[in-house]
Every structure is written in C-alpha cells, then in structure tokens.
Amino acid sequence: VSVYVKVFTNSPFLVCMDLGLSQEEIIDPTYLWIGPDGKNLQGQTYVNLTETGKLMVKRFKESMSGAYTCTLSHKIIETDAQDETEVSEAYKFMVYAYREPDYTYKISVRFTTKECKLVANNQFFEELKRILDNILSDLACHVIEPSYKCHSVKIPKRSLLHELFITFQVNPFAPGWEEVCNHLPYDCEDETNKRVQEARDRIEEFFNKQTYALKHDFQALPTIHYVDHSFEVTRIDSCRPGFGKNDITHNDCASCCVVCDPGTYSPNNEVTCRTCVRTQIKQYGAKSC
C-alpha cells in the first residue's frame, strides 16, 4: 500500500490489519512495527503507536520515507481440541513525503496595433510591464520572462490586422517573498500558491476591464488596444529540490511533488528526479548526485 504524507504533517494512522481480519475476533494480538531503517518503532518519540497496532508518524520529513512493515501475531484456539496455534500476518506500507507544487502562471494576451514597426509598440510594452508589476507589488509576486512579437493577422471578411502577441509569467518569488513566510512554522508553498493565484486573478480582472473600457469609455479606439477574449493562462508546476512528479510511479498522487526515491536526485526546481549513475544514493530526497 502506498501512502503519501505532506511534509511536516502527521501521517494518517496505518492499521496493522487487513479488511478480513478487522471483521473477526482476534485473540492475544501483538504488533511489531519496523521502520525504514530496520529498527523497532516501539518507544520512538516521533511515532504514535496505539495498543491496537495503529501507527502514526509525527511531523513527517523526507528522510522518514520508505517501507513501514508490521507483523501481527495472534492465536487461533480450537475449542474442541483445546489447541492453541499462533499465526502471524505481515503488512507493508510504502510511505512517501510530498509537497504541493509551486505554481507559476504563463499568460498570453493580444493587442491590436497600427503597424508592426510602430515605435510606440515598445513603449506600450514597457508601460504594460510596469502596470502589471504594480498590480502585484503587495503580493510578493512579479512578472518574469515578458516578451512580445508583432504579427500580421488576416481575419475572415476583414482587412489585414497587426497584433502584438504578448506573453509573460507570474511568479510568486519576487524579492522579499521569504519575509511573507516568516510567520509560518515550516513550509511556504501553500502561502505562495495562494498569493500567486490571487495575482493571476488580479491580472485577469485587469484585462477584463480593458474590454469594458473599450466598449464604454472610448469614442474612437486607441491605436493600441486589447483584443477581446485573447486572455489565456496556463499553470506551470515546479518542485522543490529533492522532489519530483511521476504520474506513473505515483499515480495516486499525480499532482504532488513526491520525494525522490533512492538512486535518484533533483538539484533544482524541475519536476523530474534524475537518475544518479556515478554513486549509489541510499536516502530519499537527495538534492545532489
């Protein structure tokens, strides 16, 4: 059984029993839990182990990932023969630490312009970047990788148009973003993701207002103006070092950044764990080979 535990949270209770046995009477049960390091978990400070054999791992870290095995021993009593037999059942749980991905939003919009060689095109683009950063300034988010190209577009039953195809990304790691997380005890991806989603919503609202203004506030269209319904947004996920996404191996947690398995590592914010061919990595969550 694969179990996924968000870093710095408590795991769900792992039950040392299968569904069939849970419906039966069990006589003199004893439970032996062994952790990924091969040690008995009884008495360890980082676990909560109940008398009925349920195990919870507290404040889960990357290094706690691995195989947790439990052996349930109990007696079967044959009343007629007054015979006692001790039997054992073994259960294995693969427990993985995970994080939420860090979100970045890639946004594209289009503006109609008079001609592609117009000097004002670049001036407009620089002003648009300034406005967008101002919209996000209180969120510790910023616009990255902004660019534009001008293309000639032939629309059915209309003359040739010139349009600016603008793309940029909204990123939650503007200078000072760490200060936003100072009040949080551990990780920050929930907070940064919430803020970048707010940033994305603000930018969409800004472009929606362009449509309203063009319809209600202008007698004549300005030389450069927003193309209605051209706003498109795509979410781009990234993972913290030591984590990656694997839809095949971890399809039960496909949207998660799951800790890199032994033998693999992730040194940056990509979403894949690389295989290490030089040395043998034995731990989970390696950031280097």
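- The name given to the protein in an unreviewed UniProt entry is ZPBP2 protein, with Nothoprocta pentlandii as the source organism.

### A look at the domain arrangement of the protein
Thought 1: In terms of domains, the protein is made up of domain 1 (2–99) and domain 2 (102–238).
Thought 2: Facing the 5 residues of domain 1 at the interface are 4 residues of domain 2.
Thought 3: For the domain 1 and domain 2 pair, buried surface summed over both sides reaches about 450 Å², with 43% attributable to carbon and sulfur atoms.
Thought 4: For the domain 1 face of the interface with domain 2, the top three residues by lost area are Lys-6, Phe-8 and Arg-99, together amounting to 81%.
Thought 5: Applying the counting rule to domain 1 against domain 2 returns 1 salt bridge.
Thought 6: Put simply, domain 1 and domain 2 have 1 residue pair in polar contact (both at pLDDT 80 or more) between them.
Thought 7: Along the lines of polarity and charge, the residues of the side of domain 1 that touches domain 2 split into 2 nonpolar, no polar and 3 charged.

### Let's talk about the environment of Val-233
Thought 1: Tracing the backbone through its elements, the reader meets Val-233 in strand 12 (residues 232–238).
Thought 2: On the basis of relative accessibility, which here comes to 29%, the residue Val-233 falls in the partly exposed class.
Thought 3: Sequence-wise, Val-233 and Tyr-105 are 128 residues apart; in three dimensions their C-alpha atoms are separated by 6.5 Å.
Thought 4: Here Val-233 is in contact with Tyr-105, Lys-106, Ile-107 and Arg-200, once residues within four sequence places are set aside.

### Re the side chain of Ser-266
Thought 1: Here Ser-266 shows up in the loop between strand 15 (264–265) and strand 16 (274–275).
Thought 2: Among all residues touching Ser-266, those that are not within four sequence positions of it are Pro-241, Gly-242, Phe-243, Cys-260, Thr-272, Cys-273, Ala-286 and Lys-287.

### Overview of the nonpolar core
Thought 1: Leu-14, Trp-33, Leu-55, Phe-60, Tyr-68 and Val-95 are the most contacted members of the largest nonpolar core, which totals 31 residues.
Thought 2: Broken down by secondary-structure element, the contributors of at least two residues to this core are strand 1 (2–6), strand 5 (54–57), strand 6 (66–78), strand 7 (83–99) and strand 14 (257–259).
Thought 3: If one sorts the elements of this core by residue count, strand 7 sits on top with 6 residues.

### A look at the packing of aromatic side chains
Thought 1: All told, the structure shown has 10 aromatic pairs when counted by the stated rule.
Thought 2: Consider the rings of Phe-111 and Tyr-226, whose centres lie 5.6 Å apart with planes at 65 degrees: the pair is edge-to-face. With Phe-111 in strand 8 (residues 102–113) and Tyr-226 in strand 11 (residues 225–226), this pair connects stretches of sequence that are 115 residues apart.
Thought 3: Overall, Tyr-226 belongs to the buried group, its relative accessible area being 5%.
Thought 4: By way of ring pairs, the aromatic residues Phe-111, Phe-124, Phe-206, Phe-207, Tyr-226 and Phe-231 are connected into one cluster.

### Considering the sheet that holds strand 4 (residues 47–49)
Thought 1: Overall, antiparallel pairing links the 3 strands, which are arranged 2-5-4 in an open sheet. Where the open sheet ends on each side, the last strands, each with one partner, are strand 2 (14–15) and strand 4.
Thought 2: Relative to strand 5, strand 2 runs antiparallel, the two being bridged by 2 bridges. Looking across to strand 5, one finds that Val-15 is bridged to Lys-54.

### Describing the environment of Thr-113
Thought 1: Positionally, Thr-113 belongs in strand 8.
Thought 2: For Thr-113, a relative accessible area of 4% puts it in the buried group.
Thought 3: Separated by 12 residues in the primary sequence, Thr-113 and Phe-125 place their C-alpha atoms 12 Å from one another.
Thought 4: Each residue touching Thr-113, except ones within four places of it in the same chain, is listed here: Leu-118, Asn-121, Cys-150, His-162, Glu-163, Leu-164, Thr-223 and Ile-224.
Thought 5: In terms of polar contacts, Thr-113 uses its side chain to reach the side chain of Asn-121, at 2.7 Å.

### Comments concerning the state of the cysteines
Thought 1: For the coordinates displayed, the defined rule picks out 6 disulfides.
Thought 2: Between the sulfur atoms of Cys-116 and its disulfide partner Cys-150 the distance amounts to 2.1 Å. Judged by the torsion about the S-S bond (-80 degrees), the Cys-116/Cys-150 disulfide is left-handed. Separated by 34 residues along the polypeptide, Cys-116 in the loop between strand 8 and helix 2 (120–136) and Cys-150 in strand 9 (residues 142–154) bring together distant segments of the chain.
Thought 3: With relative accessibility at 22%, the residue Cys-150 sits in the partly exposed group.
Thought 4: Here Cys-260 pairs with Cys-273 through a disulfide, and the sulfurs are 2.0 Å apart. An S-S torsion of about -80 degrees defines the bridge between Cys-260 and Cys-273 as left-handed. With a gap of 13 residues between them, Cys-260 in the loop between strand 14 and strand 15 and Cys-273 in the loop between strand 15 and strand 16 connect regions that are remote in the sequence.

Rules used throughout
Residues numbered from 1 in each chain as written. Predicted model: local features only at pLDDT ≥ 70, side-chain atom pairs only at ≥ 80, totals over all residues. Heavy atoms only, no water. Domains from an automatic or database assignment. Contact = heavy atoms within 4.5 Å. Buried area = accessible area lost by both parts, 1.4 Å probe. Salt bridge = Lys/Arg side-chain N within 4 Å of Asp/Glu carboxyl O. Polar contact = N/O pair within 3.5 Å; in protein donor to acceptor, adjacent residues only side chain to side chain. Nonpolar A, V, L, I, M, F, W, Y, C, P; charged D, E, K, R; others polar. Helix = DSSP H or I, 4+ residues; strand = E, 2+ residues; numbered from the N terminus. Buried < 20%, exposed > 50% of the residue type's maximum accessible area, 1.4 Å probe, protein only. Core = buried A, V, L, I, M, F, W, Y, C linked by side-chain atoms within 4.5 Å. Phe/Tyr/Trp six-rings, centres within 6.5 Å; stacked < 30°, edge-to-face > 60°. Pairing = 2+ DSSP bridges. Disulfide = S-S within 2.5 Å.

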